[in-house]
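Residues per chain are reported as follows:
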Amino acid sequence: MYDAEFDTDWDDLDKEGALERAFALGVARSLGNPNCEEYERVLDATETTYERSLIELSYEEGRRKASGRHGEKSMAVWEDLVVEADGDAGGSTPGPRRRSRDGPPSMTDRPEPTVVPEDGLDRIRLPEFLRRR
């Protein structure tokens with residue numbers, strides 16, 4: 001599964017690529033196709049302990065999402081979680097295509113800004129129950 005979707009002949013990974021691979025390796029492990037050597041290589045490609053913990057979290061997230069789907073065939077789970085349906089029949093896009101709905105957690109993306117009320121003053125006003133009547 002993993003070897004068919006990802007190239008295992010790599011020398012250096014960026015953070016995004018390492019997170020995607022770790023997630024896919026976690027899914028594969030849950031489906032009964034562990035690839036411990038590749039997982040160790042992905043972990044060794046990190047530069048800091050923070051990045052290493054992100055990789056471990058992504059791996060565990062892949063395992064968790066795949067383990068909750070016992071009644072389905074393993075290939076269907078793999079395609080649903082890791083491979084997005086290809087829009088063009090030629091498959092011209094290199095590498096795996098990620099699904100945003102069930103794919104790896106986007107730990108590298110910035111969070112959405114919080115919604116600011118219309119007047120913007122709710123943050124500095126006293127709550128209703130603290131105001132005198």
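Predicted model only: the values in this text are computed from it and were never measured.

S.K.: Any chance you could explain the overall build of the chain here in plain terms?
M.R.: Across its full length, the chain carries 5 helices and 0 strands. The secondary structure elements of the chain, listed N-terminal to C-terminal, are α-α-α-α-α. Taken over 133 residues, the chain has a buried fraction of 32%. Put simply, of all contacts in the chain between residues at least 6 apart along the chain, 60% involve residues at least 24 apart. If you sum the accessible surface of the chain, you get close to 9300 Å²; carbon and sulfur atoms cover 48% of it.

S.K.: Whenever I open this one, empty space enclosed by the protein confuses me. Can you help?
M.R.: It is a probe the size of a water molecule, rolled over the atoms, that shows where empty space is left. Tallied over the full model, the rule gives 1 cavity of 30 Å³ or more. There is about 40 Å³ of room inside the largest cavity. Where the lining of the largest cavity is concerned, the elements lending two or more residues are α2 (15–30) and α3 (36–44). Within the lining of the largest cavity, the residues separate by chemical class into 5 nonpolar, 1 polar and 1 charged.

S.K.: Mind showing me how you'd approach the nonpolar core here?
M.R.: One broad trend across soluble globular proteins is that nonpolar side chains are buried collectively. Residues Val27, Val42, Ile55, Trp78, Leu81 and Val82 are the most contacted members of the largest nonpolar core, which totals 25 residues. When contributions to this core are tallied by element, the ones reaching two or more residues are α2, α3, α4 (49–67) and α5 (74–81). With 8 residues, the single largest contributor to this core is α2. Those residues in contact with Val27 that lie beyond four places of it in its chain are Gly62, Arg63, Ala66, Trp78, Leu81 and Val82.

S.K.: I keep staring at the environment of Thr46 and nothing clicks. Help me out?
M.R.: Within the secondary structure layout, Thr46 lies in the loop between α3 and α4. With relative accessibility at 17%, the residue Thr46 sits in the buried group. Taking the C-alpha atoms as reference, Thr46 lies 7.8 Å from Lys15; in sequence the two are 31 residues apart. Not counting residues within four places of it along the chain, the set of residues in contact with Thr46 comprises Glu51, Arg52 and Ile55. Among the polar contacts listed, one links the side chain of Thr46 to the backbone oxygen of Leu43, at a separation of 2.7 Å.

S.K.: Help me understand the pattern of salt bridges in this model?
M.R.: Close approach of charged atoms lets side chains of opposite charge pair. This model, assessed by the stated rule, comprises 6 salt bridges. The residue Arg63 makes a salt bridge to Glu60 at a minimum N-O spacing of 3.6 Å. With a gap of 3 residues between them, Arg63 and Glu60 both fall in helix α4, about one helical turn apart. Looking at Arg63, the relative accessible area reads 28%, which means it is partly exposed. Glu61 is the partner of Lys65 in a salt bridge, and the nearest nitrogen-oxygen pair spans 3.9 Å. Of the two residues, Lys65 and Glu61 are both situated in helix α4; the distance of 4 residues between them amounts to about one turn of the helix. One salt-bridge network, held together by shared partners, links Arg21, Glu38 and Arg41.

So, how was this worked out
- Residues numbered from 1 in each chain as written.
- Predicted model: local features only at pLDDT ≥ 70, side-chain atom pairs only at ≥ 80, totals over all residues.
- Heavy atoms only, no water.
- Helix = DSSP H or I, 4+ residues; strand = E, 2+ residues; numbered from the N terminus.
- Buried < 20%, exposed > 50% of the residue type's maximum accessible area, 1.4 Å probe, protein only.
- Contact = heavy atoms within 4.5 Å.
- Areas by Shrake-Rupley, 256 points an atom, 1.4 Å probe, with all protein chains shown as cover.
- 1 Å grid on protein atoms, 1.4 Å probe; cavity = no way out; pocket = protein on both sides within 12 Å on 5 of 7 lines; lining within 4 Å.
- Points joined across faces, edges and corners; volume = space filled by probe spheres on them.
- Nonpolar A, V, L, I, M, F, W, Y, C, P; charged D, E, K, R; others polar.
- Core = buried A, V, L, I, M, F, W, Y, C linked by side-chain atoms within 4.5 Å.
- Polar contact = N/O pair within 3.5 Å; in protein donor to acceptor, adjacent residues only side chain to side chain.
- Salt bridge = Lys/Arg side-chain N within 4 Å of Asp/Glu carboxyl O.

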